[in-house]
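In case you want the letters, here they are:
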Amino acid sequence: EQLVESGGGSVQAGGSLTLSCQASESIGSLNAMGWYRQAPGKQREFVARITSARTRNYADSVQGRFTISRVGAENIVYLRMNYLEPEDTATYYCHAVRATALARNEYWGQGTQVTVSS
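Residues numbered from 1 in each chain as written. Predicted model: local features only at pLDDT ≥ 70, side-chain atom pairs only at ≥ 80, totals over all residues. Heavy atoms only, no water.

Using the criterion set out here, one finds 1 disulfide in the structure. A sulfur-sulfur separation of 2.0 Å characterises the disulfide bridge that pairs Cys21 with Cys94. Here the disulfide of Cys21 and Cys94 is left-handed, its torsion about the S-S bond being about -85 degrees. Remark: Cys94 occurs in strand β9 (residues 90-99) and Cys21 occurs in strand β3 (residues 17-23); sequence separation between them is 73 residues. The same class applies to Cys21 and to Cys94, which are both buried. (Disulfide = S-S within 2.5 Å. Helix = DSSP H or I, 4+ residues; strand = E, 2+ residues; numbered from the N terminus. Buried < 20%, exposed > 50% of the residue type's maximum accessible area, 1.4 Å probe, protein only.)

Written out as structure tokens, the structure is:
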């Protein structure tokens, strides 16, 4: 697998979890890494993204509660999730983009489950 996620689990509302995602070295340098999520019966939605220049973007629903970070020059990204709400329950997918002058490639992880109980 090219993107390997870990860190999902079950937590009560108000709790915290940290997700991590490591990209395979075979992918090469990545322009951006981030997270999407998909709840049962809903479409996959954007959660957060961090670029190689460390520019961060967040969905409005997680702004101020979630923090995305990236380790140095390595293709590892973390998502620290604080003040979790039942509405955050979903499968979280790591996403990465490698863009060159010739091509744009996107990669997805297998998903990790986050369950928040009230």
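Before going further, it helps to examine the pattern of salt bridges. Enumeration according to the criterion identifies 5 salt bridges in this entry. Between Glu45 and Arg37 there is a salt bridge, with the nearest N and O atoms lying 2.7 Å from each other. By relative accessible area, Arg37 is classed as buried at 6%. Of the charged contacts, one joins Glu85 and Arg65 as a salt bridge, the two residues approaching to 3.9 Å between their closest N and O atoms. Linking Glu85 in the loop between β8 (76-81) and β9 with Arg65 in the loop between β6 (56-58) and β7 (66-70), this pair joins segments that are 20 residues apart in sequence. Accessibility expressed as a relative area gives 33% for Glu85, which makes it partly exposed. By relative accessible area, Arg65 is classed as buried at 11%. Here the salt bridges share partners, and the residues they tie into one network are Arg37, Glu45, Arg65, Glu85 and Asp88. (Salt bridge = Lys/Arg side-chain N within 4 Å of Asp/Glu carboxyl O.)

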